[in-house]
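Fold and contact review
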Amino acid sequence: MQLSSKVKKLPKYLFAEIDEMKRKKIREGKKVIDLGVGDPDLPTPKHVVEAMKIAVEKVERQKYPSYEGMLSFRVAASEFYRRRKGVKVDPEKEVIALIGSKEGIAHLPLAFVDNGEYVLVPDPGYPVYHASTILAGGIPYHIPLKAENKFLPNFEEIPEEVTRKAKILFLNYPNNPTAAVIDKEKIKEAIDFCIEKKIILAHDAAYSEITFDNYRAPSFLEFDNSFEVTIEFNSLSKTYNMTGWRIGFACGNEEILRGLLKVKTNIDSGVFEAVQEAAIAALTGRDDVIEQNCRIFAERRKVFVEKLREAGFEVEMPKATFYVWCKVEMNSIEFVKLLLEKTGIIATPGIGFGEYGEGYVRFAMTRSIEVLREAAEKILEFSKSLNKK
Ligand SMILES: *Cc1c(COP(=O)(O)O)cnc(C)c1O
């Protein structure tokens, strides 16, 4: 069967060999420490699970949900924005529910991008921006995020013929995979750029609440005129350890939200209402569950980064996210394979996030501090053996 030309254009799966090596290690009964996937090991807060138990027993919850999400959920999302970000969003018009933020990100280009139009995609970046552009018939234009620019985009380097035909700019701060954060000046620059060029500013705020050392990640919707062009994607996955529950929301410009919703009404049928009720409990519940999460991730990354530095790696102490982005002096896939072979530790090669991710690997701090300490010790030994060669 012939795949569609769009599906054929999707990037090759790079990790087949690494996956096979991992399976082999496990088959042989060897110990594997998986720091590859960004999926928190910490539990969903108890009050959220309790709310779900009650909601799931209500007969009225069994029916098709509304497309845009229950009003009570959208009110909870707007209350969360007011409380955590100091931003006012209208729950009736400026918020919609998503089946995880990935769903909304994947559907946005379908709503706004025509054949041959560009989407500006950060590189390295979350792979969905590139893939969803291709599936919509658009052309991804990769904006390099370079260490010398603190992994921030340089809009001046984008050619005029690209910006003229660009419909969406994806940005993601705090950033996966680099763990970089954005300053207010750069946010203002992005908003002005998008207003001037008539581009949708799609900000992926999946890690906005996972911040450390008194750093607070600004919402793009805090800034003047941002509502003219901005849609901000939010996820409960990382904030409340709810990756499997599949719920998120988008807020911002009403017209952009309506376009996205138009696509969604033709593809999905909304989020299970019991899950929305649990999400309301999360969004309106105690903030100390978020702070406790952050304290745990902060301590883990500190132990891990200090050990990597001792091993001679060039690595920043992240202000946010649960990732550590580490420079390596060889091909990133080769490094990951060798590391897995010698230590049983799984990392993600930077090239998997785009060509500008080459030369780096990503470690996820999604295991206990004891396991991470053990992993870091093994990496230290591993790097000594590398240097001897
Ligand atoms: C995890 C992640 C998402 C997806 O979150 P869901 O709400 O679970 O779909 C989106 N963007 C980035 C950058 C992520 O790392």
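Scope of this entry: the structure provided in the associated data block. Because the structure is predicted, anything quoted here is derived from the model rather than measured.

1. Considerations on the site of the ligand
- Not every one of the 13 residues close to the ligand is listed here, only the nearest: Asp204, Tyr207, Ser235, Ser237 and Lys238.
- One of the side-chain N or O atoms of Tyr207 is found 2.6 Å from an oxygen atom in the ligand.
- Here the ligand has 380 Å² of accessible area as a free molecule, and 93% of this is covered by the chains.
- Going through the elements one at a time, α5 (101-112) and α9 (236-239) are the ones with two or more residues in the shell around the ligand.
- Among the residues forming the shell around the ligand, the class breakdown is three nonpolar, six polar and four charged.

2. Observations regarding unusual backbone geometry
- Between Tyr173 and the following residue, Pro174, the backbone shows a cis peptide bond with an omega angle of -10°.
- The residue Pro174 is located in the loop between β5 (166-171) and α8 (184-197) in this model.
- Although it is not a glycine, Asn214 sits at a positive phi angle of roughly 65°.
- Among the residues examined, Asn214 registers a relative accessible area of 83% and is labelled exposed.
- Notably, Asn241 is not glycine yet its phi reads approximately 55°, a positive angle.
- Locating Asn241 in the fold gives a position in the loop between α9 and β8 (248-252).

3. Thoughts on the state of the cysteines
- Taken as a whole and judged by the stated rule, the model has zero disulfides.
- Summary of cysteine pairing: Cys294 is not part of a disulfide, and the nearest cysteine sulfur, belonging to Cys251, is at 19 Å.
- A residue is classified by how much of its surface remains accessible, and Cys294, at 9% relative accessible area, is buried.

4. A look at the nonpolar core
- Formed by 73 residues in total, the largest nonpolar core has its most connected members in Phe249, Phe304 and Phe363.
- Looking at which element gives the most residues to this core, the answer is helix α12 (residues 288-310), with eight residues.
- Both of domain 1 (14-43 + 289-387) and domain 2 (46-284) provide at least three residues apiece to this core.
- Among residues more than four places away in sequence, those in contact with Phe363 are Leu35, Phe304, Leu308, Phe322, Tyr323, Val324, Cys326, Leu339, Ile345, Ala347 and Ile379.
- With 28 residues, the next largest nonpolar core counts Leu152, Ile182, Phe193 and Phe220 among its residues.

5. Describing the pairing of strand β3 (residues 118-123)
- With six of six residues buried, β3 is to be regarded as a mostly interior element.
- Side chains Tyr118, Leu120 and Pro122 project from β3 onto one buried face, and the interleaved Val119, Val121 and Asp123 project onto a second face that is buried too.
- In this region the chain leaves β3, passes through helix α6 (residues 128-135) and returns to the parallel neighbour strand β4 (residues 139-144); the handedness of that crossover is right-handed.

6. Some remarks on the pattern of salt bridges
- If you walk through the whole model with that rule in mind, you get 35 salt bridges.
- The salt bridge involving Lys264 is made with Glu103; its shortest N-O contact spans 2.8 Å. Taken as a pair, Lys264 in helix α10 (residues 254-265) and Glu103 in helix α5 lie far apart in primary sequence, 161 residues in all.
- Residue classification places Lys264 among the buried residues on the basis of a relative accessible area of 1%.
- The salt bridge partner of Glu334 is Lys337, with a shortest N-O separation of 3.8 Å. Taken together, the positions of Glu334 and Lys337, both in helix α13 (residues 332-343) and three residues apart, correspond to about one turn of that helix.
- With a relative accessible area of 42%, Glu334 lands in the partly exposed category.
- Counted as one network, the salt bridges with shared partners bring together Glu79, Arg82, Arg83, Arg84, Lys85, Glu209 and Asp287.

7. As for helix α3 (residues 46-56)
- Taken residue by residue, α3 has Val48, Ala51, Met52 and Ala55 as its buried positions. All buried residues of α3 project into a common sector of 100° when viewed along the axis, lining one side. α3 presents Lys46 and Ile54 as exposed residues on the side facing more than 90 degrees away from its buried surface.
- Buried residues in α3 make contact with α11 (273-284).

8. A few points about the packing of helix α4 (residues 71-85) against α11
- Contact geometry of α4 with α11 gives a least axis separation of 9 Å together with a crossing angle of 20°. The angle between α4 and α11 places the two elements in the roughly parallel class. The way α4 lies across α11 gives a crossing that is left-handed. Residue-level inspection shows Ser72, Phe73, Ala76, Ala77, Glu79, Phe80 and Arg83 of α4 in contact with α11, the latter providing Gln276, Ala279, Ile280, Leu283 and Thr284.
- Of the residues in the contact of α4 with α11, the class split is seven nonpolar, three polar and two charged.

9. Here we look at the packing of aromatic side chains
- Following the criterion strictly, the structure yields 17 aromatic pairs and no others.
- Note on Tyr129 and Phe170: the rings are 4.6 Å apart at their centroids and 20° apart in plane angle, and the pair reads as stacked. Residue Tyr129 is located in helix α6, and its partner Phe170 is located in strand β5; the two are separated by 41 residues in the primary sequence. Both residues of the pair, Tyr129 and Phe170, belong to the buried class.
- Each ring, one from Phe313 and one from Phe335, has its centre 6.1 Å from the other, and the planes form 90°; the classification is edge-to-face. Taken together, the residues Phe313 in the loop between α12 and β9 (323-327) and Phe335 in helix α13 connect sequence positions 22 residues apart.
- Through successive ring pairs, a cluster of aromatic residues spans Phe73, Phe80, Tyr81 and Phe249.
- Note that Lys85 overlies the ring of Tyr81, its terminal NZ or CZ placed 5.0 Å from the centroid.
- Over the face of the ring belonging to Tyr360 we find Lys327, whose NZ or CZ atom lies 5.9 Å from the ring centre.

Cut-offs and rules
- Residues numbered from 1 in each chain as written.
- Predicted model: local features only at pLDDT ≥ 70, side-chain atom pairs only at ≥ 80, totals over all residues.
- Heavy atoms only, no water.
- Near = heavy atom within 4 Å.
- Polar contact = N/O pair within 3.5 Å; in protein donor to acceptor, adjacent residues only side chain to side chain.
- Areas by Shrake-Rupley, 256 points an atom, 1.4 Å probe, with all protein chains shown as cover.
- Helix = DSSP H or I, 4+ residues; strand = E, 2+ residues; numbered from the N terminus.
- Nonpolar A, V, L, I, M, F, W, Y, C, P; charged D, E, K, R; others polar.
- Buried < 20%, exposed > 50% of the residue type's maximum accessible area, 1.4 Å probe, protein only.
- Disulfide = S-S within 2.5 Å.
- Core = buried A, V, L, I, M, F, W, Y, C linked by side-chain atoms within 4.5 Å.
- Domains from an automatic or database assignment.
- Contact = heavy atoms within 4.5 Å.
- Right-handed = clockwise from strand over helix to strand, strands pointing away.
- Salt bridge = Lys/Arg side-chain N within 4 Å of Asp/Glu carboxyl O.
- Arc of directions from axis to C-beta.
- Axes fitted to C-alpha atoms, helices over the stretch in contact; angles between N-to-C directions.
- Parallel < 35°, antiparallel > 145°, perpendicular 65-115°, else oblique.
- Left-handed = near helix turned anticlockwise from the far one by under 90°.
- Phe/Tyr/Trp six-rings, centres within 6.5 Å; stacked < 30°, edge-to-face > 60°.
- Lys NZ or Arg CZ within 6 Å of the ring centre and 35° of its normal.

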